[in-house]
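Examining the three-dimensional arrangement
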Amino acid sequence: MTGNRDRGAGISGTGSWDAEADVVVVGFGGAGACAAIEASDRGADVLVLDRFGGGGATAISGGVVYAGGGTEHQHAAGHTDSVEAMLEYLRLETAGVVSDETLTRFCKESVDNLRWLERHGVPFEGSMAPRKTSYPTNEYYLYYSGNELAPPFSDTAAPAPRGHRAKGKGVSGKPLFAGLRSAVRRRPIGVRTQTRVTRLITDDDRVIGVEAEEIRGGPARWAHRVLSAANLKLNIYYRPLGRMLDRPIRAIERRSVVRRRFRARRGVVLAAGGFVFNRRLLAERAPAYRRGSSLGTIGDDGSGIALGAEVGGATDRMDRVSAWRFYNPPLALVDGVLVNNRGERICNETYYAPASATTSPGNPTPRPTSSSTNGSGPRRRSRRRVRRCGSSGCRPSTCCGWATRRPTTWRRWRSAGGSIRTDSSTPSSGTTPTPAPGRGTGWARTPRTCGRWRRVRSTRSTARCAPNRDSPHR
Ligand SMILES: Cc1cc2nc3c(=O)[nH]c(=O)nc-3n(C[C@H](O)[C@H](O)[C@H](O)COP(=O)(O)OP(=O)(O)OC[C@H]3O[C@@H](n4cnc5c(N)ncnc54)[C@H](O)[C@@H]3O)c2cc1C
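This write-up is about the structure you can find in this document. Numbers given to residues run from 1 along each chain, matching the order in which its sequence is written. The predicted nature of this model means local features are confined to residues of pLDDT at least 70 and side-chain atom pairs, given and counted, to a pLDDT of 80 or more, with totals for whole chains, interfaces and linings taken over all residues. Heavy atoms throughout the structure, all of them, feed into the side-chain values; hydrogens and water do not.

Below, the discussion takes up the environment of Arg317. By the element assignment, Arg317 lies in the loop between α11 (303-310) and β11 (337-338). Only protein chains enter the accessibility calculation, which uses a 1.4 Å probe. A residue is then buried if its area is under 20% of the maximum for its type, exposed if over 50%, and partly exposed in between. Residue classification places Arg317 among the partly exposed residues on the basis of a relative accessible area of 40%. Ignoring any residue separated from it by four or fewer positions in sequence, one finds Arg317 in contact with Gly96 and Val97. Secondary structure follows DSSP: runs of H or I at least 4 residues long count as helices, runs of E at least 2 residues long count as strands, and numbering of each begins at the N terminus. In what follows, residue pairs with any heavy atoms lying within 4.5 Å of each other are defined as contacts.

On to the site of the ligand, then. Working definition: residue near molecule or strand if any one of its non-hydrogen atoms lies within 4 Å of it. What surrounds the ligand is a group of 32 residues, the closest being Ala31, Asp50, Thr58, Gly62 and Val64. Within the backbone of Ala57, an N or O atom sits 2.9 Å from an oxygen atom of the ligand. Contacts described as polar in this section are N or O atom pairs within 3.5 Å, which, within protein, must combine one atom able to donate a hydrogen with one able to accept it, while residues neighboring in sequence count only if both atoms come from side chains. Backbone polar atom of Val197 to a nitrogen atom of the ligand: 2.9 Å apart, as the coordinates give it. The dominant element in the shell around the ligand, judged by the number of residues it contributes, is strand β8 (residues 195-203), at 3 residues. Under the grouping applied here, Gly and all other residues not named as nonpolar or charged are polar, the nonpolar ones being Ala, Val, Leu, Ile, Met, Phe, Trp, Tyr, Cys and Pro and the charged ones Asp, Glu, Lys and Arg. Tallied by class, the residues present in the shell around the ligand amount to 12 nonpolar, 16 polar and 4 charged.

Further remarks concern the side chain of Lys132. In this structure, Lys132 sits in the loop between α5 (110-119) and β5 (142-143). Of note is the side chain of Lys132, whose polar atom sits 2.8 Å from the backbone oxygen of Tyr144.

Here the focus is the pairing of strand β9 (residues 206-215). Strand residues, when the strand is regular, have side chains that alternate between the two faces of the sheet. Of all 10 residues in β9, 8 are buried; the element is thus mostly enclosed. Here, a strand pair is defined by DSSP locating no fewer than two bridges between the strands. Of the strand pairs in this sheet, β8 and β9 are connected by 8 bridges, and their pairing is antiparallel. In the strand pairing of β9, Asp203 is matched with Arg206. Connecting β8 to the antiparallel partner β9 that follows it, the hairpin turn spans 2 residues, and Asp204 within it adopts a positive phi of roughly 55 degrees. Sheet topology places β9 next to strand β10 (residues 257-270); 7 bridges connect them, and they run antiparallel. The partner of Glu211 across the bridge, within β10, is Arg261.

Right, let's get into the pairing of strand β2 (residues 19-26). For β2, the buried fraction is high: 6 of the 8 residues fall into the buried class. In the sheet, β2 pairs with strand β3 (residues 46-49) via 4 bridges, with the strands oriented parallel. Across the sheet, the residue bridging to Val23 is Val46, located in β3.

In this section: the nonpolar core. Buried Ala, Val, Leu, Ile, Met, Phe, Trp, Tyr and Cys residues form a nonpolar core when they are joined through side-chain atoms within 4.5 Å. In this structure, Val46, Val48, Val65, Leu117, Val122, Phe124 and Leu180 are the most contacted members of the largest nonpolar core, which totals 24 residues. Listed by contribution, the elements that provide at least two residues to this core are β2, α1 (30-41), β3, α5 and α7 (173-185). Here the element with the most residues in this core is α7; it accounts for 5 residues. Each of domain 1 (11-60 + 175-310) and domain 2 (64-170) contributes no fewer than three residues to this core. Each residue touching Val46, except ones within four places of it in the same chain, is listed here: Ala21, Val23, Val25, Ala36, Ala39, Ser40, Pro188, Ile189 and Gly190. Counting residues in each nonpolar core, the second largest holds 18 residues, with Ala150, Ala157, Val334 and Cys347 among its members. The domain boundaries here were taken from an automatic or database domain assignment.

Listed below in structure tokens is the structure:
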């Protein structure tokens, strides 16, 4: 955010303060926690404010830190990497969205950044995932999390596994944020949760504090905590259910609050997440993604961005949204060919999820499954299907492993919205296949099991099951 005082509003600096600190951090997610730790370690007196209980999208995230250039864990797994290779790869991947200066610095400082996280209690490990996957099972914490292995990326930069997953059971956002939270707790940092910042307070051309609304103590505070925790979970699995809790949460935030003013002697850090849960702003700034299901927390309502813009901060790249659709695991599916509803191949099937969801030649409007980060729909459905597979000893987390090892998961692919065409000519040439007869059934050969043809029912978008010459698993 860059400042330009006279365009903004904010509110003037008169009146008493409820508390003060050198640095006030708005948002206790990953970014806010790191900023608070760094400021405190440099001698500042820090106060962190969060609308909810802290953690934000970071705590529900996959907890994968993209790091390279020769980290201890890459070495431990027997992989070499260099800053140059990482830079070349990311240049191609980001296609100019990030300035070269920032990208170079990110790659040069990558090893130190990972060490910083470890020093502050976030565990990592060099247990290398044995195959390409969107998210490794709980045995593995290092993997190829991007398109490093696939052309043209592998032609441009020496591939290296840079997906460092914070070590812990289940989705790794939890251990990632847990480490940062305890690092904050070990320092004299004030944390006020259930305190929503509503305005920046300015004095001439300086931001000198924030105004906030803190949920009143007692039943209101308890209800707000319980409802927002349930909302967080439900939003991941089924947003329509989570949405039902938005209203009571907002009602408490309107009716049961105390207005507070916090002075920032040296500065305010805005780390209040994104705007994917602000449907109006999404429709305005990134309309192609307005149909996607938002992923993150209702704290991603763009209020942090608005706070900065109000005092003259400039925004940029607000149209950049990533859409995700996962279909590996099971790995067998990358042996198939992913085509859009015109039968055109979308991209290399081993590509990382956002690539397949957004790059669709000829498909006018990309069909995001989620407009901020990894689609939970398909994954959720597949977990249910996995649970029904019923083979003895099958548990969801190991099921991912099971599904990857035994690629008979054609059904899982179908539940993620795929269907089958019987045309056997390979689609990689991009030819439009003969249209399958409307909705209905077709035959597909499960790529790497018995090879027998199976009867399956098609649903929405189309995909063709045919030998995929690109698949590295051929
Ligand atoms: C399911 C999922 C999986 C993901 N997986 C990965 C991954 O593996 N690797 C990766 O790099 N990225 C991943 N991401 C993206 C990543 O989680 C986010 O980019 C990152 O966590 C953002 O961190 P943050 O600190 O900016 O925001 P957050 O962690 O969201 O924190 C923002 C905080 O600000 C608070 N807040 C908001 N408004 C206000 C206000 N007005 N006043 C006070 N507080 C406020 C919120 O309550 C929240 O706690 C994933 C995201 C999701 C949702």
